[in-house]
Amino acid sequence: NNQFYGRKAMIKENFWGNTKEGKAAKKYILSNAKGMEVTLSDFGASILAVKVPDKTGALVDVLLGYDTLEEYTIIPAVLELMLEEMQTESEEQRL
């Protein structure tokens, strides 16, 4: 875990997990002096979380997303299947 401090911001680097191919993925948490946090991953340049303080000061994640690296690896496969289906339907309609 590495931490980098700027004037009013901080970046934390953490290990997030390994892909099915064995490649390590990291996540980076960027935070500012007002308490906002954005979590990014080097796996597909994914935005994992956007946390902002609510009226009581508690951090609330306002981004819809997944919790694990494995869930993010499923997305490309699902999109590929959907595109193949759409292409097949389009070709069938031409005939």
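In what follows, the accompanying structure is described. Please read these numbers as outputs of a predicted model, since none were measured by experiment. (Residues numbered from 1 in each chain as written. Predicted model: local features only at pLDDT ≥ 70, side-chain atom pairs only at ≥ 80, totals over all residues. Heavy atoms only, no water.)

So, the pattern of salt bridges
Any two side chains of opposite charge can pair, so long as their charged atoms come close to each other. Overall, the coordinates contain one salt bridge when judged by the stated rule. Here Glu-13 makes a salt bridge to Lys-26, at a shortest N to O gap of 3.8 Å. Here the residue Glu-13 occupies a position in strand 2 (residues 9–18), and Lys-26 occupies one in strand 3 (residues 24–32), the gap between them amounting to 13 residues. For Glu-13, a relative accessible area of 15% puts it in the buried group. Its relative accessible area of 33% is what places Lys-26 among the partly exposed residues. (Salt bridge = Lys/Arg side-chain N within 4 Å of Asp/Glu carboxyl O. Helix = DSSP H or I, 4+ residues; strand = E, 2+ residues; numbered from the N terminus. Buried < 20%, exposed > 50% of the residue type's maximum accessible area, 1.4 Å probe, protein only.)

Brief notes about a negative patch on the surface
Among the surface-exposed residues, Glu-80, Glu-84, Glu-85, Glu-89, Glu-91 and Glu-92 lie close enough to one another that they form a single negatively charged patch. For Glu-85, the location among the structural elements is in helix 1 (residues 69–94). (Patch = residues over 30% accessible without salt bridge, like charges linked within 9 Å, V, L, I, M, F, W, Y side chains within 5 Å. Areas by Shrake-Rupley, 256 points an atom, 1.4 Å probe, with all protein chains shown as cover. Lys, Arg positive; Asp, Glu negative; His and termini not counted. Charge placed at Lys NZ, Arg CZ, Asp CG, Glu CD.)

Let's talk about the side chain of Ser-31
Relative to the assigned elements, Ser-31 resides in strand 3. Beyond its immediate sequence surroundings of up to four residues, Ser-31 is in contact with Lys-8, Ala-9, Met-10, Met-36 and Glu-37. (Contact = heavy atoms within 4.5 Å.)

Re the environment of Glu-71
By secondary structure assignment, the location of Glu-71 is in helix 1. Residue classification places Glu-71 among the partly exposed residues on the basis of a relative accessible area of 29%. Within the structure, the side chain of Glu-71 is placed 2.9 Å from the backbone nitrogen of Thr-68, a separation counted as a polar contact. (Polar contact = N/O pair within 3.5 Å; in protein donor to acceptor, adjacent residues only side chain to side chain.)

Re the pairing of strand 2
Two elements, strand 2 and strand 3, share nine bridges in a ladder whose sense is antiparallel. Note that in strand 3 the partner of Asn-18 across the bridge is Ala-24. What sits between strand 2 and strand 3 in their antiparallel hairpin is a turn of five residues, with Gly-22 showing a positive phi close to 90 degrees. (Pairing = 2+ DSSP bridges.)

Considering the nonpolar core
Here is a general trend for soluble globular proteins: nonpolar side chains tend to be buried in one another's company. Listed in full, the five residues of the largest apolar core are Trp-16, Ala-25, Leu-48, Leu-69 and Tyr-72. Dropping the residues within four chain positions of it, Leu-69 is found in contact with Trp-16, Gly-17, Asn-18, Thr-19, Ala-25 and Phe-43. (Core = buried A, V, L, I, M, F, W, Y, C linked by side-chain atoms within 4.5 Å.)

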